[in-house]
Amino acid sequence: MSTPSLAETVARDYRTVALVLQGGGALGAYQAGVFEALDEAGLQPNRLAGISIGALNAAVIAGNAPGQRVERLREFWEAICRPPLWPDVPVLPWFDAVAWPTAWLNGMSGLAAWRAMTEGQAGFFHPRQPPPYLGAHATPGSVSWYDTAPLRATLERLVDFDRLNDARTMRVAVGAVNVRSGNFAYFDNRRERLRPEHFMASGALPPGFPAVEIDGEFYWDGGMVSNTPLYEVLSERPGCDTLVFQVDLWSARGVPPRDLADVAERSKEIQYSSRTRLVTEFMRRTQEQRRLLHDVMALVPEDRRNDPAYRHAEARAAEALTNVIHLIYQDRPHEGHFKDYEFSTASMRSHWQSGLDDMRHTLAHPHWLAVPDPERPFVTHDVHRKGTS
């Protein structure tokens, strides 16, 4: 009898395989590289949750057939990293960023970020004309520095929304913030039909991008409230064993700043990492309590199981097991506070390769993907911390 492949083992052991994608602008190419490595291994998620750029990556993945997803992701990133006016600096075959001075690389990266701010990105956004401060009759959907109409065209070209909305194949949820109420909202293809504006709203970070109208309400980027959708995936009462690939673009840990540029970068990291480890620890404890409750309820005699207290507890108990594979993008020494809006082709390919390398390294440890022991129903693995918790 032949040994089952990693993909076959995962399909046998887990009913839900979730891909959780944090927001982070241009850093989102890292998530595309992670997905390519999963695709190489035959691991296709059946649940996606994303915020901001993570929501856009989720749209491209869910909106294409399995054999086309990596190709479409590459088309998407090539489209949104293309300057609209004059060409990007070419990436030469012999170019090795490691061999160049950090200051030089930082300067080139800063130039690319400046170009994104002044020119826009061809498949993503362009400066609003006239500027918003000259608008006589501005609306919530037009008060911004940039117009994201090119992003809608890119999504409509690369995403099959009929396929994306087939929740039987893949469940998709993306988060945004209601501008009027300030409440966080998840749009889920199991509850409603998702359209381009749901994904654009998830990435509508003000004041750069305009609020997006959905059914009479305006929404901004979900990262303003919570930039990591892990809680959405795990907060539901778990009914089956779940494997989660959580891909973050901001690290909560960092070094104290030494200048104002460092302050800007570190504040973003703290804000957008969204206390991922706190959420993970909270969900671990919650699941352990649910599992303990399930085990204790098994001791209740059959003739007492119609008691209302038993039924009440039954609704909160769970025996499901959860394994979270956590990957966090690791900054390059030359990257600055503008790294999330530095859309050069060279940086995009570097981010992509980092995600590809990290996920390949993770999958080289197949025991990390094993179903947890019932005594420890919730475990996490982190490729950069070389550990399990």
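Residues numbered from 1 in each chain as written. Predicted model: local features only at pLDDT ≥ 70, side-chain atom pairs only at ≥ 80, totals over all residues. Heavy atoms only, no water.

- The name recorded for the chain in an unreviewed UniProt entry is PNPLA domain-containing protein, from Rhodanobacter fulvus Jip2.

1. A closer look at the packing of aromatic side chains
Logical step 1: Evaluation of the coordinates by the stated rule reveals 14 aromatic pairs.
Logical step 2: Residues phenylalanine 125 and phenylalanine 343 carry aromatic rings whose centres are separated by 6.4 Å and whose planes lie at 70° to one another, so their mutual orientation is edge-to-face. Taken together, the residues phenylalanine 125 in the loop between helix 5 (102-119) and strand 3 (126-127) and phenylalanine 343 in the loop between strand 10 (322-328) and helix 13 (345-363) connect sequence positions 218 residues apart.
Logical step 3: Centroid distance phenylalanine 184 to tyrosine 186: 4.9 Å. Interplanar angle 65°. Geometry classified as edge-to-face.
Logical step 4: Classification of phenylalanine 184 as partly exposed rests on a relative accessible area of 26%.
Logical step 5: A relative accessible area of 17% means that tyrosine 186 is categorised as buried.
Logical step 6: A connected cluster of aromatic rings, assembled from ring pairs, spans Phe124, Phe125, Tyr146, Phe209 and Phe343. (Phe/Tyr/Trp six-rings, centres within 6.5 Å; stacked < 30°, edge-to-face > 60°. Helix = DSSP H or I, 4+ residues; strand = E, 2+ residues; numbered from the N terminus. Buried < 20%, exposed > 50% of the residue type's maximum accessible area, 1.4 Å probe, protein only.)

2. Details of the pattern of salt bridges
Logical step 1: Scanning the entire structure with this criterion turns up 28 salt bridges.
Logical step 2: Arginine 72 is the salt-bridge partner of glutamate 71, the closest N and O atoms lying 3.5 Å from each other.
Logical step 3: Relative accessible area serves as the criterion here: at 45%, glutamate 71 is assigned to the partly exposed category.
Logical step 4: For glutamate 288, the salt bridge is made with arginine 284, and the minimal N-O distance between the two is 2.7 Å. In this pair, glutamate 288 and arginine 284 are both assigned in helix 11 (residues 276-297), four residues apart and thus about one turn of the helix distant.
Logical step 5: Classification of glutamate 288 by relative accessible area gives partly exposed; the value is 29%.
Logical step 6: If you follow the salt bridges from partner to partner, you end up with Arg152, Glu156, Arg195, Glu197 and Asp215 in one network. (Salt bridge = Lys/Arg side-chain N within 4 Å of Asp/Glu carboxyl O.)

3. As for unusual backbone geometry
Logical step 1: Backbone torsion omega between glutamine 129 and proline 130 reads -5°, so that peptide bond is classified as cis.
Logical step 2: As for its position among the elements, proline 130 is in the loop between strand 3 and strand 4 (146-147).
Logical step 3: That bond from proline 206 to proline 207 is cis: its omega, -5°, falls within 30 degrees of zero.
Logical step 4: Its location among the elements puts proline 207 in the loop between helix 8 (196-202) and strand 7 (212-214).
Logical step 5: For aspartate 215, which is not glycine, the phi torsion reads 50° and is therefore positive.
Logical step 6: Assignment of secondary structure puts aspartate 215 in the loop between strand 7 and strand 8 (217-221).
Logical step 7: Residue class for aspartate 215 comes out exposed when judged on its relative accessible area of 63%.

4. Re a nonpolar patch on the surface
Logical step 1: A cluster of nonpolar side chains, namely Met108, Leu111 and Trp114, defines an oily patch on the protein surface of about 280 Å² accessible area.
Logical step 2: Tracing the sequence through the fold places methionine 108 in helix 5.
Logical step 3: We classify methionine 108 as partly exposed; its relative accessible area is 30%. (Patch = residues over 30% accessible without salt bridge, like charges linked within 9 Å, V, L, I, M, F, W, Y side chains within 5 Å. Areas by Shrake-Rupley, 256 points an atom, 1.4 Å probe, with all protein chains shown as cover.)

5. Thoughts on the UniProt feature "short sequence motif: GXGXXG" (unreviewed entry) in the chain
Logical step 1: Sites flagged by UniProt as "short sequence motif: GXGXXG" (unreviewed entry) map to residues 23-28.
Logical step 2: Helix makes up 0% of residues 23-28 and strand 0%, with an end-to-end C-alpha separation of 7 Å. (UniProt positions renumbered as here; feature names shortened; annotations may be inferred.)

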